[in-house]
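Listed here are the chains, written in short residue letters.
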Amino acid sequence: MYTKKECVAMLLAGGQGSRLYALTRDMAKPAVPFGGKYRIIDFPLSNCVNSGIDTVGVLTQYQPLVLNDYIGNGQPWDLDKQYGGAHCLPPYQTALGAEWYKGTANAIYQNIAFVDSYNPEYVVMLSGDHIYKMDYNAMLQFHKEKNAVATIAVQDVALEEASRFGIMITDEDSNIIDFEEKPKNPRSTFASMGIYIFTWSKLRQYLIDNENNPDEDKDFGKAIIPNMLAAGEKMVAYTFDGYWKDVGTLDSLWEANMDLLNPNIPIDLYDPDWKMYSRNPVLPPQYIGNEAQVEDSMIAEGCCIDGKIDFSVIYEGVTVEEGATVTDSIIMPGSVIKKGAVVEYAIVGENSVVGSGAHIGARPEGFDNRDDWGIAVVGHRINISDNAVVAPKQIISEDM
Amino acid sequence: MSLNKKVLGIIFANMHENTVSELTRERTMGSVMFGGRYRLIDFTLSNMSNSGIDEVGVITKSNYQSLLDHLGSGREWDLARKNSGLHLLPPFSNTSNGMYRGRLEALYGIWDFMKVSDADYVIMSDCDVVATMDYNPALEQHIATGADITVIYAQEKLTLESAAHSTVLGIDTEGRVNNVYIRPAISGECDISLNQYILSKEFLKNLVADAKAKGVYSFEESILQGKCREFKIMGYKHEGYFSKITSIKSYYDANMVLLNSDNRNRLFPESAPVYTKIKDNPPAKFAIGAKVKNSLIADGCIIEGTVENSILFRGAKVGKGSVVKDSIIMQDSVIGKNCHVSCIITDKIVNISDQKILTGSANYPIYIGKGAQI
C-alpha cells in the first residue's frame, strides 16, 4: 500500500554505550562490530526485514558518523524503498529551537511526524543493544490477538538474575499487572527485552501527554509504561525463548561473540531462512597460510592468517602474522597482529596494530583472585608497540 | 575518465567459451566462477568501473541466465546509474540480422544502443583475461598516438597448447602492430593480445557498417589481421598481473597461482577493489579439529576437516575427517565425512557423500559438473 504501512519500526540507536569504553569513544554502540562481519545494529535491522517490516526509523544522537555512513540508504538490508525503508533520524532544529533527544520517549515524540507519514496501526520499538533473532511479526500477531495497546517482549530469566532487569508481573493470560525496574526481591522472572509493540494512536497520545508534563521523565520505562499501566490500558507480555543477549558491557560483548562459536548455543548465523544482512566489505577471500593453525574460530573475508588462531572471532581484513597467537579473542576489522605477538582473552578494535612480541591479555587460570582478571581491550586505531604488555582488564585508548 | 572523454565499455560475455566447455555448459564465459568469490566478468567490469567508465554494455549470446542473475542492476559495480550505467544486451534478431557470428555482427546488432550513447571512445573487452588494470593510461596513449585501434597486450610464455587459443602480435619499435597471428602454431615468449581494444566510436561505427556491407564478422581476422597495415593499430602493454584462460588446465592454474601472496596482492590491490555480487554469507567457520593450510577460503564456508592448497568458494562445506587437497570447491558444494579428494574442480552445489575418494592430477584436474551427487 502506498499510503499506509501496517507497522513501522523505531530503532533507538543514540546510546553512547559508555560501558564499552574505548570501543564506543567515536562510534555509537549499535555501530560496534559484532560476529565477524556484522555490527550490532544488523541484528534488529535484519530481524525487521525478515519479519516483513520495511520501514525503520533509526534514532541517532551520540557519535552518529559511523552509524549514518553504515546505514546509508538501507540498501544492504533491502531497506532502500520508494515508500518506507531505513531513515536515520537525528535530533533537529525547529521554529521553537533545537533540542537533543531528552530520553527514549522524547526521541519518539520528536519524530511523531515521521511515524505519522506512514499512517501505521502499530509501532515496534527496538534498541541497538542486543543480539538475537526474532520474528517481530509473530509478536505483532500476538499483539493483535490480545487486542492490546502495548505488548512487551519478555524473557524468562533465572530468579537470581531477575534483579538486573525490568520485571513484568503478569496474570495467567499474559496481562501485565505490574512492572518493577531492577527489583531487589523480584516477584516474577519475566525480564523486559526492551522490545515493545504499541498501537500507534494510543502511544501517540501518551507521548504528547508525557511531553506536556514537565515533571515526568521522558522515558518509556520510567513514564510511558507506568502511565499506561496506571490508566488500565491492555498491556501484555510476549514470551520469547530464543537466544537474546545484551552486549552493553565488554564482558557480555566478548561472551556474545564467543557464543557464536559454541554449537550448543542457539544462535545460528548460517540459517538460510533467517539471514543476517550487513554492509559487506569488498575484499578477496581470506588466505590461510602454510604455517597457520586455525581451529574453532570464525574468520571473515580479506584476512591473511599465518599465525595460530583458536576459539576466536576474526573480522574482515585482519592480518595475523607468522608466529603470532590469538586465542579466546575478538579481532575487529583491519587490525594487524604482528609476528610473535600473543593475544588472549582480549578485544582488539578496528584498524589497530599489535606490535611484534606484544602480549595482550592473559588466561584467567593464573589468577587466584578472579576480580583481578578480565578481558583486555585495545580500542580502535591504536598502535601497541613491540613487546608491550597489556594486562588483563586493562583498556587501552591511546597508543602505547 | 580522467581525460574528460566519455568512454563506453563493451563486454563480450560469451567469447572463448569453447576453451572451458565444461564450465560454460550452463553459463557464459563471463559467469564462470573464479578466485573463491568472483565470476570472470567481475574483473573487467571492476576495471571499467574503477577507471571511471560509467556506461557499460554487456553483449551475450546464449546461456545467459546466470549472467543476468549475477549482474542484476549493476549496483555492486557502482553501475546502477540514472544515466548510463549497466546495459545487458542479449541477442535480439530481426529480419535482417540473426544470431551473431562474431564481434562485428554483434556490434551491428546492438548499434541502436551504441547510437544513443554520447561516448567518444569505446573500450571492448572479452572475459577470458583475469587482470587488474586502469584504462586511463591506455586511452591517453590511444589519443596521443592518433591510433585507429589500440590493442591491449601483454608478454607471455606460450606453449603450443596455449598459443592455439591466443592472438600473437608483431609490434615494431614504435609500438605499432604490424603483424597479427591468430592461433599460431608457435611457442615461447610472445606479445599476446588480451582481447581488449580501444577505438573511437566513430571509427568503430564505420568498421561495423563496412563489415555488414561486405558480410564479414570477425573483428580479429577481418580488421586486426586484415587491415593491420592499412589502419594505424597500436599496442598498449599491460605490465601488471594477468592470467589468460585458454583451457580447463589453465583455468585451474590461474586459480591456484592466487595462493601465492605476491600474485594475490597484484590482482587485488587496495586501490582497485574487485566487486562482485553480494551473497550475505556469514564468516567462514573452522571447527575444532579443522586443519587448513595454504588455501583461500570465502565467507560462509564451514570446515571440519583438512584443507590444503585449495580454493573454497562461498558456502562450501568440508566434513569431519575429510581431506581436500589441490582442489577448487565452488559455491555451496559439500564434501561429506571421511572423503579424500585431490586435484578436483567441483562446480556449484556438488554433493560428495561420505567416504569417497577422488583423485585427479595437477595437469588433468577432475571436473565435476554443477549439482552432481556423488
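Note that the coordinates shown come from a computational prediction; the quantities given were computed from them, not determined experimentally.

> Can you lay out the overall build of chain B for me, pointing to particular residues and giving the numbers?
A count of helices and strands for chain B gives 10 helices and 28 strands. Against the compact-globule benchmark of 21 Å for 374 residues, chain B has a radius of gyration of 21 Å, which places it among compact chains. Projected onto its principal axes, the C-alpha positions of chain B cover 65 × 45 × 40 Å. A buried classification covers 59% of the 374 residues belonging to chain B. Long-range pairs, those at least 24 residues apart, make up 59% of the contacts in chain B between residues at least 6 apart in sequence. For chain B, the exposed area adds up to about 14,500 Å²; of that, 47% sits on carbon and sulfur atoms.

> Talk me through the interface of chain A and chain B; I want residue IDs and the actual numbers.
Contacts between the two partners involve 34 residues from chain A, matched on the other side by 36 residues from chain B. Summed over both partners, the interface of chain A with chain B comes to about 2,900 Å²; 51% of that surface belongs to carbon and sulfur atoms. In terms of surface lost to chain B, no three residues of chain A exceed Tyr 270, Pro 285 and Tyr 287 of chain A, which account for 22% of the buried area on that side. At the boundary of chain A with chain B, the tally comes to 2 salt bridges. Close ionic contact of Lys 37 of chain A with Asp 299 of chain B constitutes a salt bridge, the shortest N to O distance being 3.0 Å. Linking chain A to chain B there are 21 residue pairs in polar contact (both at pLDDT 80 or more). At the level of secondary structure, the elements contributing two or more residues to the side of chain A that touches chain B comprise β16 (286-288), β17 (293-295) and β18 (297-299) of chain A. In terms of residue class, the side of chain A that touches chain B is built from 20 nonpolar, 9 polar and 5 charged. Sheet topology note: the β16 of chain A/strand β16 (residues 295-297) of chain B ladder contains 3 bridges and is antiparallel. Paired with Tyr 287 of chain A across the bridge in β16 of chain B is Leu 296 of chain B.

> Tell me about the packing of helix α6 (residues 200-212) of chain A against helix α7 (residues 220-230) of chain A, residues and numbers included.
Residues and elements named next belong to chain A. Interaxial distance between α6 and α7 falls to 10 Å at its minimum, and their mutual angle equals 120 degrees. The angle between α6 and α7 falls in the class oblique. Crossing hand, α6 versus α7: right-handed. Across from Leu 203, Tyr 206, Leu 207 and Asn 210 in α6, the residues of α7 making contact are Phe 220, Ala 223, Ile 224, Asn 227 and Met 228. Taken together, the residues that form the contact of α6 with α7 break down as 7 nonpolar, 2 polar and no charged.

> Describe the pattern of salt bridges, naming the residues involved and giving the relevant values.
Scanning the model with the defined rule gives 34 salt bridges over all chains in all. Notably, a salt bridge pairs Arg 187 of chain A with Glu 180 of chain A, separated by 3.2 Å at the nearest N-O pair. The salt bridge partner of Asp 128 of chain B is Lys 244 of chain B, with a shortest N-O separation of 3.5 Å. Of this pair, Asp 128 of chain B sits in the loop between β6 (121-125) and β7 (129-131) while Lys 244 of chain B sits in strand β13 (residues 242-244); the two residues are 116 residues apart in sequence, bridging distant segments of the chain. Look at Lys 244 of chain B and you get buried, because its relative accessible area is 6%. By sharing partners, the salt bridges in this structure join Lys 6, Asp 54, Glu 55 and Asp 118 of chain B into a single network.

> If you had to explain the domain arrangement of chain B to someone new, which residues and values would you point to?
All names here are of chain B. Per the domain assignment, the segments making up chain B are domain 1 (2-267) and domain 2 (285-368). Relative placement of domain 1 and domain 2: their C-alpha centres are 32 Å apart. Taken together, the contact pairs 19 residues of domain 1 with 22 residues of domain 2. When the buried area of domain 1 at its contact with domain 2 is split by residue, Gly 36, Tyr 252 and Leu 259 rank highest and sum to 35% of it. For the interface between domain 1 and domain 2, the tally reads 1 salt bridge. Between Arg 27 and Asp 347 there is a salt bridge; the shortest N-O distance is 2.8 Å. Summed over the shared surface of domain 1 and domain 2, the result is 5 residue pairs in polar contact (both at pLDDT 80 or more).

> Talk me through the packing of aromatic side chains; I want residue IDs and the actual numbers.
Across all of its chains, the model carries 20 aromatic pairs over all chains by this definition. Summarising the aromatic geometry, the rings of Tyr 345 of chain A and Trp 373 of chain A are spaced 5.3 Å apart at their centres and angled 80 degrees between planes, so their arrangement reads as edge-to-face. Taken together, the residues Tyr 345 of chain A in the loop between β26 (342-344) and β27 (346-348) and Trp 373 of chain A in the loop between β29 (359-360) and β30 (376-378) connect sequence positions 28 residues apart. The pair formed by Tyr 345 of chain A and Trp 373 of chain A is uniform in burial state, with each residue classed as buried. Linked through ring pairs, Phe 34, Tyr 38, Phe 43, Tyr 251 and Phe 268 of chain B together constitute an aromatic cluster. If you follow Arg 39 of chain A out to its NZ or CZ, it ends over the ring of Tyr 70 of chain A, 5.2 Å from the centre. A cation over a ring is seen here: Arg 264 of chain B above Tyr 287 of chain A, with NZ or CZ 3.9 Å from the ring centre.

> Could you give an account of the nonpolar core, with specific residues and numbers?
Counting residues in hydrophobic clusters, the biggest one holds 75 residues, and the most contacted among them are Phe 34, Ile 41, Leu 126, Met 134, Ile 195, Leu 253 and Ile 347 of chain A. Leaving out residues up to four positions away in the same chain, Ile 41 of chain A has contacts with Leu 11, Ala 13, Pro 30, Val 58, Leu 67, Tyr 70 and Ile 71 of chain A. Ile 11, Ile 53, Val 129 and Val 168 of chain B belong to the second largest nonpolar core, which has 65 residues in total.

> Lay out the side chain of Ser 247 of chain B with the relevant residues and their values.
Residues and elements named next belong to chain B. Among the structural elements, Ser 247 can be located in the loop between β13 and α9 (248-256). Among the residues examined, Ser 247 registers a relative accessible area of 14% and is labelled buried. Here Ser 250 takes part through its backbone nitrogen, which lies 3.0 Å from a polar atom of the side chain of Ser 247. What Ser 247 contacts, discounting residues up to four positions off in sequence, is Thr 19 and Val 20.

> I'd like a rundown of the sheet that holds β26 of chain A, residues and numbers included.
Paired through their backbone hydrogen bonds, the strands of a sheet run either parallel or antiparallel. Residues and elements named next belong to chain A. Taken in spatial order, the 6 strands of this open sheet run β17-β20-β23-β26-β29-β32, and their pairing is parallel. Looking at strand neighbours, the two that pair on one side only are β17 and β32 (389-390), the edges of this open sheet. Sheet analysis places β29 next to β32, joined by 2 bridges and oriented parallel. Residue pairing for β32: His 359 is matched across the bridge by Val 389.

What counts and how
Residues numbered from 1 in each chain as written. Chains lettered and ligands numbered in written order. Predicted model: local features only at pLDDT ≥ 70, side-chain atom pairs only at ≥ 80, totals over all residues. Heavy atoms only, no water. Helix = DSSP H or I, 4+ residues; strand = E, 2+ residues; numbered from the N terminus. Rg over C-alpha atoms; globule rule 2.2 N^0.38 Å. Buried < 20%, exposed > 50% of the residue type's maximum accessible area, 1.4 Å probe, protein only. Contact = heavy atoms within 4.5 Å. Areas by Shrake-Rupley, 256 points an atom, 1.4 Å probe, with all protein chains shown as cover. Buried area = accessible area lost by both parts, 1.4 Å probe. Salt bridge = Lys/Arg side-chain N within 4 Å of Asp/Glu carboxyl O. Polar contact = N/O pair within 3.5 Å; in protein donor to acceptor, adjacent residues only side chain to side chain. Nonpolar A, V, L, I, M, F, W, Y, C, P; charged D, E, K, R; others polar. Pairing = 2+ DSSP bridges. Axes fitted to C-alpha atoms, helices over the stretch in contact; angles between N-to-C directions. Parallel < 35°, antiparallel > 145°, perpendicular 65-115°, else oblique. Left-handed = near helix turned anticlockwise from the far one by under 90°. Domains from an automatic or database assignment. Phe/Tyr/Trp six-rings, centres within 6.5 Å; stacked < 30°, edge-to-face > 60°. Lys NZ or Arg CZ within 6 Å of the ring centre and 35° of its normal. Core = buried A, V, L, I, M, F, W, Y, C linked by side-chain atoms within 4.5 Å.

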